[in-house]
Amino acid sequence: ASPQVIRKVTLSSAFAQFSDHWSPRVAGEVNDMHIKLAKIQGDFIWHHHETEDELFLVTKGTLRMKIRDPAQEGKERVEVVREGEFIVIPAKVEHCPTCEDECEIILLEPKSTLNTGNLKDSDRAVKELRKIEPV
């Protein structure tokens, strides 16, 4: 096996490689996890992930994470996640990311994670992830 290439990723250059919303790109891997970059704007869809936790780290903008909180009998609430903050959504928790203005986020999640979770046939599902080119 050939040695793994070790490289740094400059976030501004990586985010500059794409402009479409809700279409995560793989920027790196850690063990069995993907580090994904995504630009988002507007509302996504309510969904959950059966077995995967997800980390959302905001690098630009403000994310509003709608959550149906199991600790509150599924009552809906919103967590505001600002630049430099992150939120972890545990497996099985219904959530719906949203933002008014464009937001740039880093996602850390298992490689098996589909962006639409349990809604595999959604037109928002990205089944073949594109990769960020090293710059």
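In what follows, the structure referred to is the one given above.
To start, this report covers the structure provided alongside it. (Residues numbered from 1 in each chain as written. Predicted model: local features only at pLDDT ≥ 70, side-chain atom pairs only at ≥ 80, totals over all residues. Heavy atoms only, no water.)

Turning to the overall build of the protein, a few remarks are in order. A count of helical and extended segments in the protein gives 1 helix and 8 strands. Moving toward the C terminus, one meets the helices and strands of the protein in the order α-β-β-β-β-β-β-β-β. Computed over C-alpha atoms, the radius of gyration of the protein comes to 15 Å, within 12% of the 14 Å expected from 2.2 N^0.38 for 135 residues, which places it in the range of a compact globule. Reported as C-alpha extents along the three principal axes, the dimensions of the protein are approximately 50 × 35 × 25 Å. The burial tally for the protein puts 41% of its 135 residues in the buried class. Total accessible area on the protein is roughly 8000 Å²; 50% of this is exposed by carbon and sulfur atoms. When the 19 positive and 24 negative side-chain charges of the protein are each reduced to one mean point, those points stand 3 Å apart. (Helix = DSSP H or I, 4+ residues; strand = E, 2+ residues; numbered from the N terminus. Rg over C-alpha atoms; globule rule 2.2 N^0.38 Å. Buried < 20%, exposed > 50% of the residue type's maximum accessible area, 1.4 Å probe, protein only. Areas by Shrake-Rupley, 256 points an atom, 1.4 Å probe, with all protein chains shown as cover. Lys, Arg positive; Asp, Glu negative; His and termini not counted. Charge placed at Lys NZ, Arg CZ, Asp CG, Glu CD.)

What follows covers the side chain of Glu109. With respect to the helices and strands, the residue Glu109 is situated in strand S7 (residues 94-110). Within the structure, Glu109 has its side chain in polar contact with the side chain of Lys36 (distance 2.6 Å). Excluding residues that lie within four positions of it along the chain, Glu109 makes contacts with Met33, His34, Lys36, Asp53 and Glu54. (Polar contact = N/O pair within 3.5 Å; in protein donor to acceptor, adjacent residues only side chain to side chain. Contact = heavy atoms within 4.5 Å.)

So, on to the pattern of salt bridges. What the rule picks out here adds up to 9 salt bridges. A salt bridge links Glu29 to Lys111; the shortest N-O distance between them is 2.9 Å. With Glu29 in strand S1 (residues 25-30) and Lys111 in the loop between S7 and strand S8 (130-131), this residue pair connects regions lying 82 residues apart in the sequence. Note that Glu50 and Lys92 form a salt bridge whose closest N and O atoms lie 3.6 Å from each other. Residue Glu50 is located in the loop between strand S2 (33-43) and strand S3 (54-60), and its partner Lys92 is located in the loop between strand S6 (86-89) and S7; the two are separated by 42 residues in the primary sequence. Taking relative accessible area as the criterion, Glu50 reaches 44% and is therefore assigned partly exposed. Each member of the salt-bridge network shares a partner with another, and the members are Asp20, Arg25 and Arg130. (Salt bridge = Lys/Arg side-chain N within 4 Å of Asp/Glu carboxyl O.)

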